[in-house]
Amino acid sequence: MVKPTKDFSRAEPFEALPAGALTHNKKNDQNAFSHASANMSFERELDFKVGNAFFRRIWVSSPSSTKSSDGLGPLFNARSCQRCHIKDGRGHPPENQLDTSVSMLFRLSIPPQNKIQKHAIASGKSLTINEPFYGGQLQDFSVLGIHAEGEINIRYEERTIQMADNETASLRKPIYAINAPKYGNPHKDMMISPRIAPQMIGLGLLESISATDIEKQADPDDKDKDGISGKVNWVWDKEKQQLSIGRFGHKAGMPSLNQQNQAAFNGDIGLSTPLFSNPNGDCTLLQVACNKMPNGNDEAYQNFEVSQEIAAKVLHYTRNISVPARRGVSDADVLAGKKLFYQAQCIACHTPKYITPRITAQPEQARQLIWPYTDLLVHDMGEGLADHSPEGQANGREWRTAPLWGIGLTPVVNGHTYYLHDGRARNLLEAILWHGGEAENAKQEVINMRS
């Protein structure tokens, strides 16, 4: 990790290249988040394109004559990775009853009910305890022959925030519910955590940030008394069989990109993988018909629906989705905004830059100066953003610091400006105004800024 600048009179060296040598300088159109690492060899770019094909693959239900693509569901949220991560960008909440919620889902959980479940959470081997009727997430689609679990329902209440110079801003507070649950009444203590699909750029670089650089930023007891008490979410790494730093997901619940990918294949699409081998995905034991549905496990794919080879190709793809070059880094307005960002102490969580270590197996990510603007820690963001749903060691008020690179291209790539974990913020100002808890002081700095 490198020290933040104190000079705002000019752009910093290499600041226009947020992903170092991986940064692309191609046209900033709808495909701006879908390019390969710029420093990738021709041979490795071929593998990137194969991985992209699997990322975009439309899966079908079993049995099917298309053996390499069957195994969908039986319950699912999307039929492909690309259906949620549209153009490798940011998802959105449904805007109305006619709008699909495919890029948003509800995580479901309950508090631990017994000593075994409490131990599973305490040991880190379980992030949450699944809701017994509906599993770990609400699946609003299903294959023929069984019911989808229910429908996402959102309504909003508007609230006004007073700004400096007698200006005001409006925030919309979401209220969540499940419409038409098909498998009985959920557990009385069920917790709902809404999530939109995050953008996919620069993930291999986030995975490459050294553990030391992440850990030395943590201050869970706020020993330096600066009001910021970020902490690592230590989670179970299924490949290493040990606790590791959580880096991915809105609450940093996944330790590696491979585990994140395979969990999404299993939970979101209902596919068995080497790390998540249940071919019925998130079907619960109480969903009898769901568990009796045929699956697509095939000896040709090591008796999985997503083979080790497919998982490896998708991993290579998701590690190497490039980050667009920064625009206007030397513009006077950009430099003035950067100075205000630093003065408001936004960088206390949104750490500007790092240098990645040498990684022999990942030549693209090795020894890069990068600018992701995140510490990858979880922070108390206040009651306004609380979902009251713990995940691992992250409690119901804590969220991972979201990376900020590429954020200004969201309208270009995805055609909307919805931000935060559930897309409640309709623009970046609203996203800032929802900050509370450890970010309360920074938010107040923004509120009191005068034009």
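Preceding this section is the structure that the text describes.
Residues numbered from 1 in each chain as written. Predicted model: local features only at pLDDT ≥ 70, side-chain atom pairs only at ≥ 80, totals over all residues. Heavy atoms only, no water.

Section: the nonpolar core
Moving on, step 1. By size, the foremost hydrophobic cluster in this structure holds 52 residues, and its most contacted members are W59, I209, I214, F265, I269, V306 and W405.
Moving on, step 2. With near-sequence residues (within four places) excluded, W59 lies in contact with S68, S69, D70, L72, R79, F265, I269, L271, E305 and V306.
Moving on, step 3. Core analysis: the second largest hydrophobic core is formed by 16 residues, M163, M381, A425 and I447 among them. (Core = buried A, V, L, I, M, F, W, Y, C linked by side-chain atoms within 4.5 Å. Buried < 20%, exposed > 50% of the residue type's maximum accessible area, 1.4 Å probe, protein only. Contact = heavy atoms within 4.5 Å.)

A word on the environment of K118
Moving on, step 1. Tracing the backbone shows K118 in helix α3 (residues 115-123).
Moving on, step 2. Overall, K118 belongs to the exposed group, its relative accessible area being 51%.
Moving on, step 3. Taking the C-alpha atoms as reference points, K118 and Y134, 16 residues apart in sequence, are found 20 Å from one another. (Helix = DSSP H or I, 4+ residues; strand = E, 2+ residues; numbered from the N terminus.)

A look at empty space enclosed by the protein
Moving on, step 1. Enumeration according to the criterion identifies one cavity of 30 Å³ or more in this entry.
Moving on, step 2. Size it by volume and the largest cavity reaches roughly 40 Å³.
Moving on, step 3. Around the largest cavity sit I121, G124, S126, L127, W234, V235, W236, G392 and Q393, which together line it.
Moving on, step 4. Looking at which element gives the most residues to the lining of the largest cavity, the answer is strand β7 (residues 234-237), with three residues.
Moving on, step 5. Looking at the lining of the largest cavity, its residues break down into five nonpolar, four polar and no charged. (1 Å grid on protein atoms, 1.4 Å probe; cavity = no way out; pocket = protein on both sides within 12 Å on 5 of 7 lines; lining within 4 Å. Points joined across faces, edges and corners; volume = space filled by probe spheres on them. Nonpolar A, V, L, I, M, F, W, Y, C, P; charged D, E, K, R; others polar.)

Brief notes about the pairing of β7
Moving on, step 1. Of the strand pairs in this sheet, β7 and strand β8 (residues 242-245) are connected by four bridges, and their pairing is antiparallel. By the bridge assignment, D237 is partnered in β8 with Q242.
Moving on, step 2. Where β7 folds back onto β8 in an antiparallel hairpin, the turn is made up of four residues, including Q241, whose phi is positive at roughly 55 degrees. (Pairing = 2+ DSSP bridges.)

Re the packing of aromatic side chains
Moving on, step 1. Inspection of the entire model under this criterion finds nine aromatic pairs.
Moving on, step 2. When the ring of F8 is compared with that of Y342, the centres are 5.1 Å apart and the planes differ by 75 degrees; the resulting orientation is edge-to-face. With F8 in the segment before α1 (42-56) and Y342 in helix α9 (residues 332-343), this residue pair connects regions lying 334 residues apart in the sequence. Y342 shares its class with F8; the two are buried.
Moving on, step 3. Residues F48 and Y317 carry aromatic rings whose centres are separated by 4.7 Å and whose planes lie at 45 degrees to one another, so their mutual orientation is tilted. (Phe/Tyr/Trp six-rings, centres within 6.5 Å; stacked < 30°, edge-to-face > 60°.)

A word on the packing of α1 against helix α8 (residues 308-319)
Moving on, step 1. Where α1 meets α8, the axes come as close as 7 Å, and the angle between the chain directions of the two elements is 110 degrees. Judged on the interaxial angle alone, α8 and α1 are roughly perpendicular. On α8, the residues touching R44, D47, F48, V50, G51, N52, F54 and F55 of α1 are I310, K313, V314, H316, Y317 and T318.
Moving on, step 2. Residues belonging to the contact of α1 with α8 are distributed by class as follows: seven nonpolar, four polar and three charged. (Axes fitted to C-alpha atoms, helices over the stretch in contact; angles between N-to-C directions. Parallel < 35°, antiparallel > 145°, perpendicular 65-115°, else oblique.)

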